[in-house]
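These are the residues of each chain, in order.
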Amino acid sequence: MAGRYTLTIRKGPQVERERFDELGPALDALEARLSPLEGRSLREAVDLRYREFTPVAQVAVRGEVSGPGRILPAVHGGVDLRGDGSAEPYTGRVHRRVVERRKGETAFAALRRALTA
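Here we summarise the structure given alongside this text. (Residues numbered from 1 in each chain as written. Predicted model: local features only at pLDDT ≥ 70, side-chain atom pairs only at ≥ 80, totals over all residues. Heavy atoms only, no water.)

**Notes on the pattern of salt bridges**
For clarity, the cut-off: Salt bridge, as applied in this entry: a Lys or Arg side-chain nitrogen positioned within 4 Å of an Asp or Glu carboxyl oxygen. Each helix is a run of H or I in the DSSP string that is no shorter than four residues. Each strand is a run of E no shorter than two, and both are numbered from the N terminus. Buried residues are those whose accessible area, probed at 1.4 Å on protein chains only, stays under 20% of the maximum for their type, while exposed residues exceed 50% and partly exposed ones sit between those limits.
Per the counting criterion, the structure on display carries eight salt bridges. The shortest N-O distance in the salt bridge between Asp28 and Arg112 comes to 2.6 Å. Remark: Arg112 occurs in helix H2 (residues 107-116) and Asp28 occurs in helix H1 (residues 23-34); sequence separation between them is 84 residues. With a closest N to O distance of 2.6 Å, Asp80 and Arg62 form a salt bridge. One end of the pair, Asp80, is in strand E6 (residues 75-82); the other, Arg62, is in strand E5 (residues 59-67), and 18 residues separate them in sequence. This pair shows no difference in class: Asp80 is buried, exactly as Arg62 is. A single salt-bridge network, built from bridges that share partners, covers Arg10, Glu64 and Arg96.

Right, dumping it as structure tokens:
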């Protein structure tokens, strides 16, 4: 089991997991699963009378890659697809840090750069 990477896709209450032996194929699968959803409106605004959550403030789909190991993985990061269709790459688990994109770089390319550096 050691040396394996886990791809986790969370879409509402649905959680799907896949395992990969290497980081590259896990990142490829993450991009293949989420890139078709990028740019599409995924959520509507939610009004709770005392506070409104705009689509950009809601995470509609989260894709995470972690491994190897389960308790303290050396690699942990992913891409959040917001309700307005925008994608935000991040690293970390408890303390997420947004990965800054370079000019012309996709969210998935930025995540790959950050995790393989």
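**Details of the pairing of E5**
Put simply, the test is: Two strands form a pair only when DSSP identifies at least two bridges running between them.
By the criterion of burial, E5 is predominantly enclosed, with eight of the nine residues buried. Bridge analysis of strand E1 (residues 5-11) against E5 gives six bridges, and the strand direction is antiparallel. Bridging across to E5, Arg10 finds its partner in Arg62. Examined bridge by bridge, E5 and E6 share eight bridges and lie antiparallel to one another. What sits directly across from Val59, in E6, is Arg82.

**Quick look at the nonpolar core**
What counts here: As used in this record, nonpolar core signifies buried Ala, Val, Leu, Ile, Met, Phe, Trp, Tyr and Cys residues forming a set joined through side-chain atoms within 4.5 Å. Working rule for contacts: check all heavy atoms of both residues, and any pair within 4.5 Å makes them a contact.
Counting 22 residues, the largest nonpolar core has Leu7, Leu23, Leu30, Leu34, Val61, Val65 and Val79 as its most contacted members. Per element, the largest residue contribution to this core is six residues, and it comes from H1. When residues no more than four places from it in sequence are discounted, the contact partners of Val65 are Thr6, Leu7, Leu23, Ala26, Leu27, Leu30, Val75, His76 and Gly77.

**Digging into the packing of aromatic side chains**
Formally: A pair of Phe, Tyr and Trp rings is counted when the ring centres sit within 6.5 Å of each other, with Trp represented by its six-membered ring. The angle between the planes then sorts it: under 30 degrees is stacked, over 60 is edge-to-face, the rest tilted. Geometrically, a charge over a ring is one whose NZ (Lys) or CZ (Arg) sits within 6 Å of the ring centre while staying within 35 degrees of the ring normal.
Counting across every chain of the model gives zero aromatic pairs. Above the ring of Tyr90, the side-chain terminus of Arg96 is found at 5.0 Å from the ring centroid.

**Description of the sheet that holds E1**
To keep things clear, this is the line we draw: Note on definitions: angles span 0 to 180 degrees between N-to-C directions of axes, and those axes are lines fitted to C-alpha atoms, for helices only across the stretch in contact.
One open sheet holds the six strands; their spatial order is E2-E1-E5-E6-E7-E8, and the pairing between them is antiparallel. Each having just a single partner strand, strand E2 (14-20) and strand E8 (97-98) make up the two edges of the open sheet. Relative to E8, strand E7 (residues 87-91) is paired through two bridges, and the arrangement is antiparallel. From the neighbouring strand, Thr91 faces E8, where its bridge partner is Arg97. Where H2 meets the sheet, it contacts E6 and E7, and its direction lies at approximately 165 degrees from that of E6.

**Considering a positive patch on the surface**
Here is the rule: Patch membership is restricted to residues that have no salt bridge and whose relative accessible area is over 30%. Joining uses 9 Å for like charges and 5 Å for the nonpolar side chains Val, Leu, Ile, Met, Phe, Trp and Tyr. Calculation of accessible area relied on Shrake-Rupley with a 1.4 Å probe; when residues are assessed, cover is drawn exclusively from the protein chains displayed. Counting rule applied: Lys, Arg positive; Asp, Glu negative; His and chain ends not counted. Where a charge lies is defined by one atom per residue type: Lys uses NZ, Arg uses CZ, Asp uses CG and Glu uses CD.
A cluster of like positive charges, contributed by Arg4, Arg17, Arg19 and Arg70, occupies part of the molecular surface. Relative to the helices and strands, Arg19 is located in strand E2. On the basis of relative accessibility, which here comes to 38%, the residue Arg19 falls in the partly exposed class.

**Some thoughts on the environment of Glu18**
Applied cut-off: Whenever a nitrogen or oxygen atom comes within 3.5 Å of another N or O atom, the pair is scored as a polar contact, on the condition that within protein one atom can donate a hydrogen and the other can accept it, and that pairs from neighbouring residues in sequence are kept only if both atoms are in side chains.
For Glu18, the position within the fold is in strand E2. You can call Glu18 partly exposed: its relative accessible area is 33%. Separated by 13 residues in the primary sequence, Glu18 and Tyr5 have C-alpha atoms spaced 8.4 Å apart. Setting aside residues no more than four positions away along its own chain, Glu18 makes contact with Tyr5, Thr6, Leu7 and Arg33. Within the structure, the side chain of Glu18 is placed 3.2 Å from the side chain of Arg33, a separation counted as a polar contact.

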